[in-house]
Amino acid sequence: MRIGDAAAAAGMTPRALRYYEQQGLVTARRTPSGHRVYDEEDIRRLRAVRELRDAGLTVGDVRAFAHLLGRVPADEVPDLLSQEPRPGRCSAVEAVARRRLADLDARIARLSYLRARLAARLGEPEAGVTEPASPGGTVRAGADSGALFRLADAPAPGTPAVRA
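Here goes a summary of the coordinates provided. Since the structure is predicted, the reported quantities are computational estimates derived from the model, not experimental observations.

## As for the pattern of salt bridges
Between side chains of opposite charge, pairing is possible as soon as their charged atoms come close. Scanning the model with the defined rule gives ten salt bridges in all. For the salt bridge of E21 with R36, the shortest nitrogen-to-oxygen distance reads 2.7 Å. With E21 in helix α2 (residues 14-22) and R36 in strand β2 (residues 36-37), this residue pair connects regions lying 15 residues apart in the sequence. Residue E21 is classed as buried on the basis of its relative accessible area, which comes to 18%. Given a relative accessible area of 23%, R36 falls into the partly exposed group. Taking the shortest distance from any N to any O, the salt bridge between R115 and E124 comes out at 3.8 Å. Look at R115 and you get exposed, because its relative accessible area is 53%.

## Some points on helix α3 (residues 40-54)
An α-helix turns once every 3.6 residues. As a result, residues three or four positions apart point the same way. Between its first and last C-alpha, α3 extends 21 Å over 15 residues, near the 21 Å set by a 1.5 Å rise per residue. Against α1 (3-10), α2, β1 (29-30), β2 and α4 (59-64) lie the buried residues of α3. Residue D39 occupies the N-cap position of α3, its side-chain oxygen lying 3.1 Å from the main-chain nitrogen of E41. A positive phi of about 110 degrees marks G56, the residue just after α3.

## Let's talk about the packing of aromatic side chains
In this structure the tally under the stated criterion is one aromatic pair. On the basis of an interplanar angle of 55 degrees and a centroid distance of 5.9 Å, the ring pair of Y19 and Y20 is categorised as tilted. Since its relative accessible area comes to 37%, Y19 is described here as partly exposed.

Rules used throughout
- Residues numbered from 1 in each chain as written.
- Predicted model: local features only at pLDDT ≥ 70, side-chain atom pairs only at ≥ 80, totals over all residues.
- Heavy atoms only, no water.
- Salt bridge = Lys/Arg side-chain N within 4 Å of Asp/Glu carboxyl O.
- Helix = DSSP H or I, 4+ residues; strand = E, 2+ residues; numbered from the N terminus.
- Buried < 20%, exposed > 50% of the residue type's maximum accessible area, 1.4 Å probe, protein only.
- Expected span 1.5 Å × (residues − 1).
- Contact = heavy atoms within 4.5 Å.
- Polar contact = N/O pair within 3.5 Å; in protein donor to acceptor, adjacent residues only side chain to side chain.
- Phe/Tyr/Trp six-rings, centres within 6.5 Å; stacked < 30°, edge-to-face > 60°.

This is how it looks when you write it as structure tokens:
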């Protein structure tokens, strides 16, 4: 089937399918006229990629074990991340998923901390969020972070701003 039909069957856009092909997660065959052609195995593989992405893994995460996607039984993508011990369960997939989970936890903690700081600057009650742990003991608030001021510190409308 051609790219539009394959994308629809996999639950994605043709643009996403081309991107996954570019990332090496699927390989299309070409007709003599150069059109991409996909089969049921490709669709199954693309569905697995979509499910894993929906579970929170990045394209890089999936690429780390892309060679295993051909072994995924039809409609059983969640079994890649199953909690049940099985002989066929892949420790590489679990390791990647656990690293992603730890990364998500750290990002949530950082964002919660930043939200609490901003809320405090606006005079909202504290939510009890503590500073997240970070390597080296320093916390980076973000590339665009700088001094935070209360809104009361801003000059009144029509008043010239004083520059330091």
